[in-house]
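# A structural walkthrough
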Amino acid sequence: MANSTKDPALRAGERLVELDVRTQDVEINMGPQHPATHGVLRVLLRADGEILTGAQSHLGYLHRCAEKIGEKVDWLQYLPYTDRYDYLSAMNNNLAYSLAVEKLLGVEAPERAQFIRVILAELNRIASHLVAVGTYGMDIGAFTPFFYALRERELLLDIFEKICGARLTYSYIRPGGLMNDAPAGWLEQVKAFTELFDKKWGEYWDLLVDSKIFVERTANVGVVSEELALAWGCSGPMLRGSGVDWDLRRDAPHLVYDRLDFEVIVGRGYRGTVGDCFDRNYVRMYEMVQSNRMIRQCLEQIEDGEVQHPDVGLLLRPAPGEAYVGIENPRGELGHYLVSDGSKIARRLRVRGPSFCNLAVAEHLLPGCMLADAAAIIGSVDIVIGETDR
Amino acid sequence: MEVLFEAARDAAAALQAAGFEVELHQPNLPVYAPEGESKRLAKKHKEEDPVHEWRGDPYLALKDRSRLLELCRFLRDELGYEVLMDATAVDFDAEDEHLWGVYQFLSVGRKRRLSLKTFIPKADCRVDSVTAVYPAADWHEREASEMFGVEYLGHPDPRHILLPDDWVGHPLRKDYQYPDEYHGISCK
């Protein structure tokens, strides 16, 4: 029923019309099988017309009891399980776990192993960000860039296959060093990739990130302020996209990162507000360039040598104790909190997955947004369900 | 690594000055042993001081868990630990009377980390939720709650998170009994 009222502020001939429309909130299930949730995540959305009024994530569809398994198998036997949390960056997961176990063992990997670890971690970061940006384009309706991104990722998977035989779940970086040294010609193949990638990077930038449609869909959408990001424990591109200058590779030096020259990319509101979906993708895009730079420096500095610490064998017995080690994964801080009692099996193996924490804040961004932006916001967090559910 | 020790020492001193009863625990094994020495050193420590042999990170232990929330507020507001990276629980031994509540803090501004441990009696498995100070604890506490049976007092949304809503028992407790079946699905 429409009723019109006269408002003294109105000019001659104008009429204020208020519609007395009764609306009802609708509950919509986004997932568990939804292409934009990147796995089996179910988000229960509540919408008033086009506007979201509430959101609640339901996790656990991919829960595989990683922490429980960690208390049942040997320290080294657990390594393959780390591949399976964030299956898009398995090298980084192996590295995070290995560094934590090494801390309890009291050993450091030899220098050549550290260089190869950094090369692999950064290559995997590029591979992971390529999927992140590519699939994000797909979430918001750009299908083609995904194929461009996967084209280069395929080359990276070939590089990984050559060094360890696996394309997705590597178990290659292990406590004490590496499974084996890089085969002949491998470093040259990496070098060829870094040169090629420099040429290709502009294609994703022009085709996807800098296009008008992409900017319209992402700028000023899903803004995470600096305070919100810190309070909710966000990390990785999610935190840097919000303008916080924090990167564990620079601020908590491990491996050989302190010998490399690189910049930490921080969101500055390049097309809209600081901390919007565009900034997060901007950070991912330019991090790939920086990773490429780091790999090139590693290739220049790497020397021959051992790749496994002589004191570390197959049966690990760390001293009793506990350690928390977090490293910069493509999605943020992957932390392992390990408690050992001196036996060959962990007492407690806690995994702090970055996607888990980053997703927690996404739920709070959705109310007030348009329904169509839900996919844009959840996609920009770049979650991998294997990690949120573990 | 040295930063960790420094942060723990500073935080312990500041907290003790503010009237909190915290104890600083430091590992007595060297962080990184020289090559070829790690096993020998570990063995030597085991023989000399088997009770206190402990490697890894330093941590603060808070005996009185009722002051946890107050302590967290102090850490955030006075000492600049603006991020709660992780909150979890540990059941070290089925025989133990206490669970550990373990919290990892991070200061982005001062580039420091801190590890805090509190003790939750299994007979009265309750502790204050720190979500009021660190919203980040929300999902971590939900997870610790379903896995260990800790009740977080004042948690805004204490549902299960990873396990099904009707799951019985707390899987990460050391005395957990595996169920025979779940809704007709054999678990053996």
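### What about the overall build of chain B?
Regarding its fold elements, chain B presents 4 helices and 10 strands. Per-residue burial for chain B yields a buried fraction of 51% across its 188 residues. Excluding contacts between residues fewer than 6 apart, the proportion of contacts in chain B whose partners are at least 24 apart in sequence is 58%. As presented, chain B carries roughly 8,900 Å² of accessible surface, and 50% of it is formed by carbon and sulfur atoms.

### A look at the nonpolar core
One broad trend across soluble globular proteins is that nonpolar side chains are buried collectively. Judged by nonpolar contacts, the single largest core of 183 residues is most densely connected at A:L123, A:Y172, A:W186 and B:F105. Considering every element that reaches this core, the biggest residue donor is helix α4 (residues 111-139) of chain A, with 13 residues. Counting contributing residues, this core receives three or more from each of domain 1 (2-55) and domain 2 (56-389) of chain A. Look past the residues within four positions of B:F105 in its chain and what remains in contact with it is B:C72, B:L75, B:Y81, B:V83, B:L84, B:R112, B:R113, B:L114, B:L116 and B:Y134.

### Let's talk about helix α5 (residues 144-164) of chain A
All names here are of chain A. The terminal C-alpha atoms of α5, which comprises 21 residues, lie 31 Å apart, in line with the 30 Å expected from a rise of 1.5 Å per residue. As for α5, its buried residues are in contact with α3 (90-105), α4 and α6 (186-209). Positive backbone phi, approximately 90°, marks G165, located one or two places after α5.

### Describing the interface of chain B and chain A
Counting residues at the interface gives 57 residues for chain B, matched by 53 residues for chain A. Here chain B and chain A share an interface that buries about 4,600 Å² over both sides, 57% of which is from carbon and sulfur atoms. Taken together, chain B and chain A are joined by 8 salt bridges. Measuring nitrogen to oxygen at the nearest pair gives 3.3 Å for the salt bridge that ties B:K174 to A:E71. At the level of elements, α2 (38-48), β2 (55-56), β4 (83-90), β5 (98-107), β6 (112-121) and α4 (137-148) of chain B are the ones that each hand at least two residues to the side of chain B that touches chain A.

### Some points on the pairing of β6(B)
All names here are of chain B. Counting buried residues along β6, 9 of its 10 residues qualify, which places the element largely inside the surrounding structure. For strand β3 (residues 59-62) and β6, the ladder comprises 3 bridges, and the chain directions are parallel. For A61, the partnering residue across the bridge sits in β6 and is K117. Here β5 pairs with β6 via 10 bridges, running antiparallel. Directly across from Y103, in β6, lies its bridge partner L116. Counting the residues between successive antiparallel strands, the hairpin from β5 to β6 contains 4 residues, one of them, K111, with a positive phi of roughly 55°.

### Digging into the layout of surface pockets
Approximately 630 Å³ is the volume found for the second largest pocket. Lining the second largest pocket are 32 residues; nearest its centre among them are A:G60, A:H63, B:L162, B:L163 and B:P164. Elements supplying a minimum of two residues to the lining of the second largest pocket: β5 (51-58) and α1 (66-70) of chain A together with α4 of chain B.

### Description of the sheet that holds strand β8 (residues 321-329) of chain A
Ordered in space as β10(A)-β9(A)-β8(A)-β2(B), the 4 strands form an open sheet in which the pairing is mixed. Each edge of the open sheet is held by one strand with a lone partner, namely β10 (348-352) of chain A together with β2 of chain B. Where β8(A) meets strand β9 (residues 332-340) of chain A, 9 bridges bridge the pair, whose relative direction is antiparallel. Across the sheet, A:G326 pairs through a bridge with A:G335, a residue of β9(A). Helix-sheet contacts for α3(A) involve β8, β9 and β10 of chain A together with β2 of chain B, and the interaxial angle to β8(A) is about 150°.

### A short note on unusual backbone geometry
A negative phi angle is the norm for most residues apart from glycine, just as the trans form is the norm for most peptide bonds. In this model, A:D382 sits at a positive phi of 60°, which is unusual for a non-glycine residue. By secondary structure assignment, the location of A:D382 is in the loop between α13 (373-381) and α14 (385-389). The phi torsion at B:H183 lies on the positive side, around 50°, for a residue other than glycine. Here B:H183 lies in the loop between β9 (181-182) and β10 (185-186).

### Side note on the packing of helix α12 (residues 354-365) of chain A against α4(B)
Between α12(A) and α4(B), the least distance of the axes is 9 Å, while the angle of their chain directions is 115°. In this structure, α12(A) contributes A:F356, A:C357, A:L359, A:A360 and A:E363 to the contact, and α4(B) contributes B:W139, B:H140 and B:E143. Across the contact of α12(A) with α4(B), the residue classes break down as 5 nonpolar, 1 polar and 2 charged.

### A few points about the domain arrangement of chain A
Residues and elements named next belong to chain A. For chain A, the assigned domains read domain 1 (2-55) and domain 2 (56-389). The centre of domain 1, based on its C-alpha atoms, is set 37 Å off from the matching centre of domain 2. Contact residues are listed per partner, giving 20 residues for domain 1 and 22 residues for domain 2. Buried surface at the junction of domain 1 and domain 2, both sides included, amounts to about 1,900 Å², of which 65% is carbon and sulfur. For the pair domain 1 and domain 2, the interface holds 0 salt bridges. The tally of links from domain 1 across to domain 2 stands at 5 residue pairs in polar contact (both at pLDDT 80 or more).

What counts and what doesn't
Residues numbered from 1 in each chain as written. Chains lettered and ligands numbered in written order. Predicted model: local features only at pLDDT ≥ 70, side-chain atom pairs only at ≥ 80, totals over all residues. Heavy atoms only, no water. Helix = DSSP H or I, 4+ residues; strand = E, 2+ residues; numbered from the N terminus. Buried < 20%, exposed > 50% of the residue type's maximum accessible area, 1.4 Å probe, protein only. Contact = heavy atoms within 4.5 Å. Areas by Shrake-Rupley, 256 points an atom, 1.4 Å probe, with all protein chains shown as cover. Core = buried A, V, L, I, M, F, W, Y, C linked by side-chain atoms within 4.5 Å. Domains from an automatic or database assignment. Expected span 1.5 Å × (residues − 1). Buried area = accessible area lost by both parts, 1.4 Å probe. Salt bridge = Lys/Arg side-chain N within 4 Å of Asp/Glu carboxyl O. Pairing = 2+ DSSP bridges. 1 Å grid on protein atoms, 1.4 Å probe; cavity = no way out; pocket = protein on both sides within 12 Å on 5 of 7 lines; lining within 4 Å. Points joined across faces, edges and corners; volume = space filled by probe spheres on them. Axes fitted to C-alpha atoms, helices over the stretch in contact; angles between N-to-C directions. Nonpolar A, V, L, I, M, F, W, Y, C, P; charged D, E, K, R; others polar. Polar contact = N/O pair within 3.5 Å; in protein donor to acceptor, adjacent residues only side chain to side chain.

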